[in-house]
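# Report on the structure
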Amino acid sequence: MWRGLWTLAAQAARGPRRLCTRRSSGAPAPGSGATIFALSSGQGRCGIAVIRTSGPASGHALRILTAPRDLPLARHASLRLLSDPRSGEPLDRALVLWFPGPQSFTGEDCVEFHVHGGPAVVSGVLQALGSVPGLRPAEAGEFTRRAFANGKLNLTEVEGLADLIHAETEAQRRQALRQLDGELGHLCRGWAETLTKALAHVEAYIDFGEDDNLEEGVLEQGGSTWWWGRKTPHISPQRLPSLSLSACLLSPTADIKVRALEVALGAHLRDARRGQRLRSGAHVVVTGPPNAGKSSLVNLLSRKPVSIVSPEPGTTRDVLETPVDLAGFPVLLSDTAGLREGVGPVEQEGVRRARERLEQADLILAMLDASDLASPSSCNFLATVVASVGAQSPSDSSQRLLLVLNKSDLLSPEGPGPGPDLPPHLLLSCLTGEGLDGLLEALRKELAAVCGDPSTDPPLLTRARHQHHLQGCLDALGHYKQSKDLALAAEALRVARGHLTRLTGGGGTEEILDIIFRDFCVGK
Ligand SMILES: Nc1nc2c(ncn2[C@@H]2O[C@H](COP(=O)(O)OP(=O)(O)OP(=O)(O)O)[C@@H](O)[C@H]2O)c(=O)[nH]1
Ligand SMILES: [K+]
Ligand SMILES: [Mg+2]
């Protein structure tokens, strides 16, 4: 009976045994495709513009534009006169760089022309390149796509590069650079290796199960013995129904590693929201009773007159949102209507919208007028909004709140007068700016908790795609643990490993590549 199980399992387990190798991304294979060229620096008048080429005709194009000179020394900047090959007309005196493949960004032969940034120079050089046989203008992201196809970057690194180009704040730049440096890819490869080893154990066991000539000790791994090794049966196969298969299959070392992997994946997934907030911006909502100074604070933090400020309570009605860089973190800052009841229908609609926006907040900036703490609207706000957020159990999805007492300039030197017991708070005056540095520092700490701190935290999952594959891997490990059949256990491990491989771009589908490369501009 056992022999039958092994044979069946062995047949079913025959499949890809090695990590899938990276499939072509659809970009031309190195050396075989067209040579592409594009302006790689920004459009418009500038001091220096960089035009580059990639592909087998790069060297030829460089020689033609700089004739009669030969190719310059590889990877050294050389000054050359560029001329139009059709008319011989001089175009510019430029620095040129020659990067013979595979030691280039794309892995192909590449050339960079650092020309003077006037539009006529740039278009003259682009037209001259276009006249060289075998050259054509590059499509958006095509340089990076070739780098990916040639194994110069994996998919998470490509995403890091796209994020770096779009990074608007310091924290985004740090995160993107870390991903470009391959941290996330490295982590995934380590995890995939753990699964490869575990799979090798299971497959070896399937194979050895068929082998009657098994020598004693053959199945020993790292000092531990296969639990089902025929000559050392610590656990007899007859006990199978009472044990989970995974516990029997792996050497204790491999089993511990798979379990540690499960824990690590869980922790990263719990963190996933933070990485996505860092990439697309955290929602910070300013709320409080009418006239607390909410709009004044929004204008102060965004350094522009986003909202109308006036002494009239109920000035702000709609939700007004503005993207800002707060202490290096990307934030979508929302100004909202002052919370109060018993007002006209228009303001009531504003209050409804304010409450709705509040529910979506990652961080709430709760604001009160420090000189008006004993008023019913202040007390009501403290008892409802502030108390309910404070009562949330701390988890990644729970909201964070900073209580700010504004108009500190109106207080006597002794501080806030008699009023309700206050939770921890900050004093601020939007009028004088006093307390603003303290608020920014508190915001930095809160946002580092909300978005993750790329200077110190482990690599973040910044995209839904990362989250999807990690969740898929975790689910497959769950199946693996519960499987009562060797073939299914091996298959579950393969599925788990497949998710990690796809995260870094192995076996990636064309659609995913198209989505990622669409983010790039022409010339990148
Ligand atoms: N003295 C003093 N006045 C302030 C301060 N901040 C805001 N104000 C004044 O308080 C009044 C209300 O300010 P807003 O910013 O409109 O208050 P708001 O909370 O947005 O008000 P609503 O939108 O009506 O809910 C205005 O007259 C501001 O000039 C401050 O720090 N000190
Ligand atoms: K107001
Ligand atoms: Mg307002």
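Being a predicted model, the structure only gives us computed values, none of them experimental.

With that settled, consider the overall build of the chain. Helix and strand content of the chain: 17 helices and 12 strands. Taking all 524 residues of the chain together, the buried fraction comes to 49%. Counting contacts in the chain only where the partners sit at least 6 residues apart, residues at least 24 apart contribute 67% of the total. For the chain, the accessible surface area stands at approximately 24,100 Å², while carbon and sulfur atoms represent 55% of it.

With that settled, the discussion passes to the coordination of the magnesium ion (ligand 3). Looking at the magnesium ion (ligand 3), the protein donor atoms are Ser295 (OG) and Thr316 (OG1), and they sit 2.0 Å from it. Between the magnesium ion (ligand 3) and the potassium ion (ligand 2) the interatomic distance amounts to 4.9 Å. On the criterion of sequence distance, the pair formed by Ser295 in helix H11 (residues 294–302) and Thr316 in the loop between H11 and strand E8 (320–326) is long-range, its members being 21 residues apart. Given a relative accessible area of 9%, Ser295 falls into the buried group. A relative accessible area of 9% means that Thr316 is categorised as buried.

On inspection of all chains with the given rule, the structure shows 25 salt bridges. Residue Glu347 pairs with Arg340 through a salt bridge whose shortest N-O separation is 2.7 Å. By relative accessible area, Arg340 is classed as partly exposed at 26%. A salt bridge links Glu356 to Arg352; the nearest nitrogen and oxygen atoms lie 3.2 Å apart. Separated by 4 residues within a single helix, Glu356 and Arg352 lie in helix H12 (residues 345–359), roughly one turn from each other.

This next bit is on the packing of aromatic side chains. Enumeration over the complete set of coordinates arrives at 0 aromatic pairs. Note that Arg52 overlies the ring of Phe143, its terminal NZ or CZ placed 4.4 Å from the centroid.

In this structure, Asn291 (OD1), Ser310 (O), Glu312 (O) and Thr315 (OG1) serve as the protein donors to the potassium ion (ligand 2), at separations of 2.5 to 2.9 Å. In this structure Ser310 comes out as partly exposed when scored by relative accessible area, which is 26%.

This part is about the sheet that holds strand E12 (residues 426–427). Read across the sheet, 6 strands follow the order E8-E9-E7-E10-E11-E12 without closing on themselves; strand pairing throughout is mixed. One side of each edge strand has no neighbouring strand; the edge strands of this open sheet are E8 and E12. By the bridge criterion, 5 bridges tie strand E7 (residues 282–287) to strand E9 (residues 329–335) in an arrangement that is parallel. Bridge assignment links Val284 to a residue of E9, and that residue is Leu333. Packing against the sheet, helix H13 (residues 376–390) makes contact with E7, strand E10 (363–369) and strand E11 (400–406), and its axis sits at approximately 160 degrees to E10.

Now for the site of ligand 1. Close contacts around ligand 1 come from 23 residues, with Lys294, Ser296, Gly314, Thr315 and Asp409 the closest. Gly293 is positioned such that a nitrogen or oxygen atom in its backbone is 2.9 Å from an oxygen atom of ligand 1. Asn406 is positioned such that a nitrogen or oxygen atom in its side chain is 3.1 Å from a nitrogen atom of ligand 1. Bound to the protein, ligand 1 loses 88% of the 650 Å² it would expose on its own.

Another point: the sheet that holds strand E6 (residues 135–137). Strand order in this open sheet of 6 strands is E3-E4-E5-E2-E1-E6, and the pairing throughout is mixed. The open sheet has two free edges, formed respectively by strand E3 (78–83) and E6, since each of these has just one partner strand. Recorded for the sheet is a direction-independent mean angle of 30 degrees between the axes of neighbouring strands. Alignment of strand E4 (residues 90–99) against strand E5 (residues 110–116), held across 5 bridges, turns out to be antiparallel. Note on E5: the bridge partner recorded for Val96 is Phe113.

Rules of the game
Residues numbered from 1 in each chain as written. Chains lettered and ligands numbered in written order. Predicted model: local features only at pLDDT ≥ 70, side-chain atom pairs only at ≥ 80, totals over all residues. Heavy atoms only, no water. Helix = DSSP H or I, 4+ residues; strand = E, 2+ residues; numbered from the N terminus. Buried < 20%, exposed > 50% of the residue type's maximum accessible area, 1.4 Å probe, protein only. Contact = heavy atoms within 4.5 Å. Areas by Shrake-Rupley, 256 points an atom, 1.4 Å probe, with all protein chains shown as cover. Donors = N, O, S within 2.8 Å, 3.2 Å for Na, K, Ca; no water. Salt bridge = Lys/Arg side-chain N within 4 Å of Asp/Glu carboxyl O. Phe/Tyr/Trp six-rings, centres within 6.5 Å; stacked < 30°, edge-to-face > 60°. Lys NZ or Arg CZ within 6 Å of the ring centre and 35° of its normal. Pairing = 2+ DSSP bridges. Axes fitted to C-alpha atoms, helices over the stretch in contact; angles between N-to-C directions. Near = heavy atom within 4 Å. Polar contact = N/O pair within 3.5 Å; in protein donor to acceptor, adjacent residues only side chain to side chain.

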